[in-house]
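Spelled out, the chains give:
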Amino acid sequence: MNIKDLLGKKIIILDGAMGTMIQKRGLKLGELPELLNITNPEIIESIHKEYIQAGCDVVTTNTFGANSLKLKESGYSTETLVSAAVKIARKAAKNKFVALDIGPSGKMMEPTGDLTFDAAYDLYQEQVIAGTKAGADLILFETFSDIYEMKAAVLAAKENSHLPVFCSITFQEDERTLMGTDPFSMVNILQDMGIDALGVNCSLGPHQMVSVVKQIMKYSRIPVLVQPNAGLPEVVEGETVFQVDIDAYIEAINEMVDEGVQIVGGCCGTTPEYIRRLKETFKDKKPKVMNAKPFTALSSPTNTVMLDERICIIGERINPTGKKQLKEALREDKISFIVDEAILQADSGAHILDINVGLPEIDEKEMMCKAIRHIQQSINLPLQIDSSDPEVIEQAVRYYNGKPIINSVNGKKSVMDEIFPIVKKYGTCVVALTLDEKGLPESCEERVDIADKIIRYAQDFGINKERIIVDCLTLTVSAQQDAAYDTLRAMKIIKERYGVKTTLGASNISFGLPERKILNRTFLAAALTYGLDAPITDPTEKETMDVIKAFEVLSGKDREAKDYIEYFSKEESEPTHNIKKETKESLDQIIIKGLIDKSQPETLELLKTKAPLEIVNQVLLPALEVVGHQYETGEIFLPQLIKSAETVKKAFEVIKEKLKENGDSLYCGKIILATVKGDIHDIGKNIVKVLLENYGYEIIDLGKDVSIEEVVNTAKNSAIELVGLSALMTTTVISMEKTIQALKDEGLTCKVMVGGAVLNPEYATKIGADYYCKDGMAAVRVAKEVFEKER
């Protein structure tokens, strides 16, 4: 039987924590749990059997960290450990399902870190192939905090295995992932990629997870899984104890099942007893029928735009047709020009950006991927990938972080056969042009017939109509005057008959005629009345934006005219439209926007009129304060925070060089960072390191699995004023407490800040830390406080 046969028919019970059970059996600090598959398989088999006796339907293999990065110094290959783990689970499971368990790489993905998409893919491909070959029944990706890494993992699974795929993300207290993805965006990006279930696990306790699950259930059309941990751990008399007991755990899970969750299990701190109670509670309960309403939406990793009752503006400026400056920028590889155009449109009110870089004399595939990568680093709007070359389209959507629109497909069978497999595989939306083998349609009826053909043929590929955005084609009235009305009528009929969303390139209407702007905005107003959802237009044209804002008031879309009033109030105080492209950003704006390439040139220019420390105190630090506030209030997220920090680092390099020439120096303070003894996870520490370095602090990075003696000796020998300790594993919090005590026993006066997923403010105080840091920005605040006091 395939596990997909059970979905929707019963509440499927996964097992509980593997790590917690191994630790109880004496896993040594710093030892890789996966090595037990070879060195002591009996322990792993006995854990599987306990969960099976408790009543689980699925056992997960002891392979969470079995990737080649983590196993580099173990002496074992991924294939060896994965194969052994699957065989152990299969021996214990008998007639139960075996899930190949795969966790994140432990590295940050580009551009925030140094792990490329292809490198991540290769890691997961190796695990997937080994697990599939060894006989796993399904693949469970869990505890991912980066949606881009999850995309690489899903593609590795879908391209190298026939097994069902379950995907589980971990969210923070702000109900976003570490990289800023919200539950809606997670669902929108993943559910159309051919996976079989999605959900959430780990970091949040069961009661805190309920709110996230409600958001997921609102939009998910595929089964949802939950695997909460048993709350945060605390050490009582040397033993790790989790805060949520079984009764409270079952109460929260029951609430989530009532919301429609179909797959339940446990994460950190859960034991066979938790699973036994899950089985008893849900053995006779049928899953709730899923009833998420259909929707059309596009996503960047941190922002989802839904084409609903409001008008969504697709910015058209990044298209070389008729644009001399953009053509020159593409030929000369001036990517900053393209990024500036993207930022300009975002600032002017665009919701989605169309990206077209097609010039015959350049490598379109390479330039498209480069443009997307740089644009996604600078703005959080979803993108529309615009090319006539299917190879360019596939390459672009593969490396795009999120859920884009493909522009476009049409009614030609050959084109649909090329584009629809890409749409299906990567879970994208697609613009459908109403033309076919006969060429441009000559009537309203022909447009409707072509749309019907495209929508029906898409269904053969498993592409639902919500992912199709129909473009009835805007033809110039100077040559085909009747076509304008045909377009409007066809759009209305298609929208009403098929329930799809619509788009148009409104400015095409006026080619060859004088006073084009009048025609453009009049046609736009008419098109909006006939049901246009997403005009492709120039958001920097004030007259165009005025029409859209006014229409939303008159059509009742902008309730109480709130956006209209805000829009015109803002225009009066600080006009954002018709901005000159030559406008030069100040250094503080360069930092806030994270424009790395512009940082050093502008700093050098500023040094002509200002002293180095004047720039630091009057420009760099205030700009960083703005960025920090944006991060703490959820306006930006970790990738943008780090990019701004990297931007200021470039400025600091120039300033330090200038100070050196003058015989001066810039010293902010020296800090030790270390992941404590027994803990091999360092992604959180590395994030803090990047931020602190880019704020001007000197960092002594001792790495991971650092002994108490090394921390103490380094602090003593380097006259350290601040130590930062990180722990992700529950068992290693004890090492953190011992390290803090050892620093005090040595008579050192340095302050200690601590962080990690297993900590909270109360627990940090309990183990003797001076500061608790929930994230990297909190560490920056602590450093400023400590060194200002010292000064």
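Coordinates for the structure precede this section.
Residues numbered from 1 in each chain as written. Predicted model: local features only at pLDDT ≥ 70, side-chain atom pairs only at ≥ 80, totals over all residues. Heavy atoms only, no water.

Q: Before we go on, may I ask you to explain the overall build of the chain in this structure?
A: The helix and strand inventory of the chain stands at 29 helices and 25 strands. Taking 28 Å as the expected radius of gyration for a compact globule of 791 residues, we find that the chain reaches 28 Å, a close match to that expectation. Over its C-alpha atoms, taken along the principal directions, the chain stretches across nearly 85 × 75 × 50 Å. Burial analysis of the chain (791 residues in total) assigns 59% to the buried set. Long-range pairs, those at least 24 residues apart, make up 75% of the contacts in the chain with a sequence separation of at least 6. Total accessible area computed for the chain in this model is approximately 32,100 Å², and 49% of it derives from carbon and sulfur atoms. Side chains of the chain give 94 positive and 119 negative charges; the mean places of these two sets differ by 3 Å. (Helix = DSSP H or I, 4+ residues; strand = E, 2+ residues; numbered from the N terminus. Rg over C-alpha atoms; globule rule 2.2 N^0.38 Å. Buried < 20%, exposed > 50% of the residue type's maximum accessible area, 1.4 Å probe, protein only. Contact = heavy atoms within 4.5 Å. Areas by Shrake-Rupley, 256 points an atom, 1.4 Å probe, with all protein chains shown as cover. Lys, Arg positive; Asp, Glu negative; His and termini not counted. Charge placed at Lys NZ, Arg CZ, Asp CG, Glu CD.)

Q: Where do I start with the nonpolar core in this structure?
A: Generally speaking, nonpolar side chains in soluble globular proteins are found buried as a group. Counting residues in hydrophobic clusters, the biggest one holds 170 residues, and the most contacted among them are Phe141, Leu190, Val264 and Phe420. In terms of residues, this core owes the most to one element, helix 6 (residues 147-160), which gives nine residues. When neighbours within four sequence positions are excluded, Phe420 is seen to be in contact with Val409, Val430, Ile454, Tyr457, Ala458, Phe461 and Ile463. With 50 residues, the next largest nonpolar core counts Leu606, Val627, Tyr631 and Val782 among its residues. (Core = buried A, V, L, I, M, F, W, Y, C linked by side-chain atoms within 4.5 Å.)

Q: I tried to follow helix 25 (residues 683-694) on my own but got confused; where do I start?
A: Along an α-helix, a turn takes 3.6 residues, which lines up residues three or four apart on a common side. In a regular helix each residue adds 1.5 Å, so twelve residues correspond to 16 Å; helix 25 covers 17 Å between its end C-alpha atoms and thus fits that length. Every buried residue of helix 25 is accounted for by Lys685, Ile687, Val688, Val690, Leu691, Leu692 and Asn694. A positive backbone phi angle near 100° is found at Gly696, which sits one or two residues after helix 25. (Expected span 1.5 Å × (residues − 1).)

Q: What am I meant to see in the packing of aromatic side chains here?
A: The description of an aromatic ring pair uses the distance of the two centres, along with the angle that the planes make with each other. Throughout the structure, instances matching the rule amount to 16 aromatic pairs. Residues Phe141 and Phe144 carry aromatic rings whose centres are separated by 6.0 Å and whose planes lie at 80° to one another, so their mutual orientation is edge-to-face. For the pair shown, Phe141 and Phe144 are each scored as buried. Consider the rings of Tyr219 and Phe295, whose centres lie 5.4 Å apart with planes at 80°: the pair is edge-to-face. Within this pair, whereas Tyr219 is found in helix 8 (residues 206-219), its partner Phe295 is found in the loop between helix 10 (272-282) and strand 11 (297-299), the two being separated by 76 residues in sequence. Residues Tyr219 and Phe295 agree in their burial class; the two are buried. Clustering of aromatic rings is evident, with ring pairs tying together Phe117, Tyr148 and Tyr399. In this structure, Arg398 packs its charged tip against the face of Tyr121, placed 5.2 Å from the ring centre. The ring of Tyr530 carries Lys492 above its face, with NZ or CZ at 5.9 Å from the centroid. (Phe/Tyr/Trp six-rings, centres within 6.5 Å; stacked < 30°, edge-to-face > 60°. Lys NZ or Arg CZ within 6 Å of the ring centre and 35° of its normal.)

Q: Honestly, the pattern of salt bridges in this entry has me stumped. Any pointers?
A: Opposite charge on two side chains permits pairing when their charged atoms draw close. Within the structure shown, the criterion is met by 48 salt bridges. One salt bridge in this structure joins Lys403 and Asp192, with 2.7 Å as the shortest N-O distance. In this pair, Lys403 is assigned in the loop between helix 14 (390-399) and strand 16 (405-410) and Asp192 in the loop between helix 7 (183-190) and strand 6 (197-202), connecting sequence segments 211 residues apart. Residue Lys403 shares its accessibility class with Asp192, and that shared class is buried. A network of salt bridges, in which partner residues are shared, links Glu159, Glu394, Arg398 and Lys425. (Salt bridge = Lys/Arg side-chain N within 4 Å of Asp/Glu carboxyl O.)

Q: How do you make sense of the sheet that holds strand 7 (residues 224-228) when you look at a structure like this?
A: To summarise the sheet geometry, strands pair through backbone hydrogen bonds and adopt either a parallel or an antiparallel arrangement. Spatially, the eight strands line up as an open sheet ordered 1-10-7-6-5-4-3-2, and their pairing is parallel. Here the strands that pair on one side only, and so sit at the sheet edges, are strand 1 (12-13) and strand 2 (58-60). Of the strands in this sheet, strand 4 (138-144) and strand 5 (165-169) touch helix 6, which is tilted by about 170° from strand 4. (Pairing = 2+ DSSP bridges. Axes fitted to C-alpha atoms, helices over the stretch in contact; angles between N-to-C directions.)

Q: Honestly, the packing of helix 17 (residues 483-498) against helix 18 (residues 516-529) in this entry has me stumped. Any pointers?
A: When two helices pack together, their arrangement is given by the angle between the helix axes and the distance between those axes. Axis separation between helix 17 and helix 18 bottoms out at 9 Å; the angle between their running directions is 25°. Between helix 17 and helix 18, the angle is such that the two are roughly parallel. Both helix 17 and helix 18 take part in a crossing whose hand is right-handed. From helix 17, Ala484, Leu488 and Met491 reach across to helix 18, where they touch Phe523, Ala526 and Ala527. A class-by-class count of the residues in the contact of helix 17 with helix 18 yields six nonpolar, no polar and no charged. (Parallel < 35°, antiparallel > 145°, perpendicular 65-115°, else oblique. Left-handed = near helix turned anticlockwise from the far one by under 90°. Nonpolar A, V, L, I, M, F, W, Y, C, P; charged D, E, K, R; others polar.)

Q: Before we go on, may I ask you to explain unusual backbone geometry in this structure?
A: Note on backbone geometry: most residues besides glycine have negative phi, and most peptide bonds are trans. Cis rather than trans, the peptide bond between Glu110 and Pro111 has omega equal to 5°. For Pro111, the location among the structural elements is in the loop between strand 3 (97-102) and helix 5 (117-134). That bond from Asn407 to Ser408 is cis: its omega, 25°, falls within 30 degrees of zero. Inspection of the secondary structure puts Ser408 in strand 16.

Q: Would you mind showing me how to read helix 12 (residues 335-348) here?
A: With 14 residues, helix 12 should reach 20 Å at 1.5 Å per residue; the first-to-last C-alpha distance of 20 Å fits that figure. In terms of burial, helix 12 is a largely internal element, eleven of the 14 residues being buried.

Q: When you look at the pairing of strand 15 (residues 383-386) in this model, what are you seeing that I'm missing?
A: Regular strands have side chains that alternate between both faces of the sheet. Of the two faces of strand 15, the one lined by Leu383 and Ile385 and the one lined by Gln384 and Asp386 are each fully buried. Pairing between strand 14 (residues 352-355) and strand 15: three bridges, direction parallel. For Leu353, the partnering residue across the bridge sits in strand 15 and is Leu383. Handedness of the crossover joining strand 15 and strand 16 through helix 14: right-handed. (Right-handed = clockwise from strand over helix to strand, strands pointing away.)

Q: Quick question: what am I supposed to make of the state of the cysteines here?
A: Defined simply, a disulfide is a covalent bond joining two cysteines at their sulfur atoms. Tallied over the full model, the rule gives zero disulfides. With no disulfide of its own, Cys56 lies 15 Å from the sulfur of Cys267, the closest cysteine sulfur. Sulfur of Cys268: no disulfide; nearest cysteine sulfur belongs to Cys202 and is 4.0 Å away. (Disulfide = S-S within 2.5 Å.)

Q: How should the environment of Leu433 be read in this particular structure?
A: Structurally, Leu433 can be placed in strand 17 (residues 429-433). On the accessibility criterion, Leu433 (16% relative accessible area) is buried. C-alpha of Leu433 to C-alpha of Ala451: the two residues are 18 residues apart in sequence and 7.8 Å apart in space.

Q: How should the environment of Val357 be read in this particular structure?
A: With respect to the helices, strands and loops of the structure, Val357 is situated in the loop between strand 14 and helix 13 (364-378). Sequence separation between Val357 and Leu278 is 79 residues, and the spatial gap between their C-alpha atoms is 54 Å.

Q: Quick question: what am I supposed to make of the side chain of Thr60 here?
A: Relative to the elements of secondary structure, Thr60 occurs in strand 2. In this structure Thr60 comes out as buried when scored by relative accessible area, which is 5%. Not counting residues within four places of it along the chain, the set of residues in contact with Thr60 comprises Asp15, Met18, His48, Ala99, Asp101 and Leu140.

Q: Got a minute to help me understand the packing of helix 12 against helix 13 in this structure?
A: Relative orientation of the contacting elements helix 12 and helix 13 amounts to 50°, with a least axis distance of 9 Å. The angle between helix 12 and helix 13 falls in the class oblique. Once helix 12 is placed against helix 13, the crossing between them reads as right-handed. Contacts between helix 12 and helix 13 involve Ile335, Ile338, Val339, Ala342 and Ile343 from the first element and Met367, Lys370, Ala371, His374, Ile375 and Ser378 from the second.

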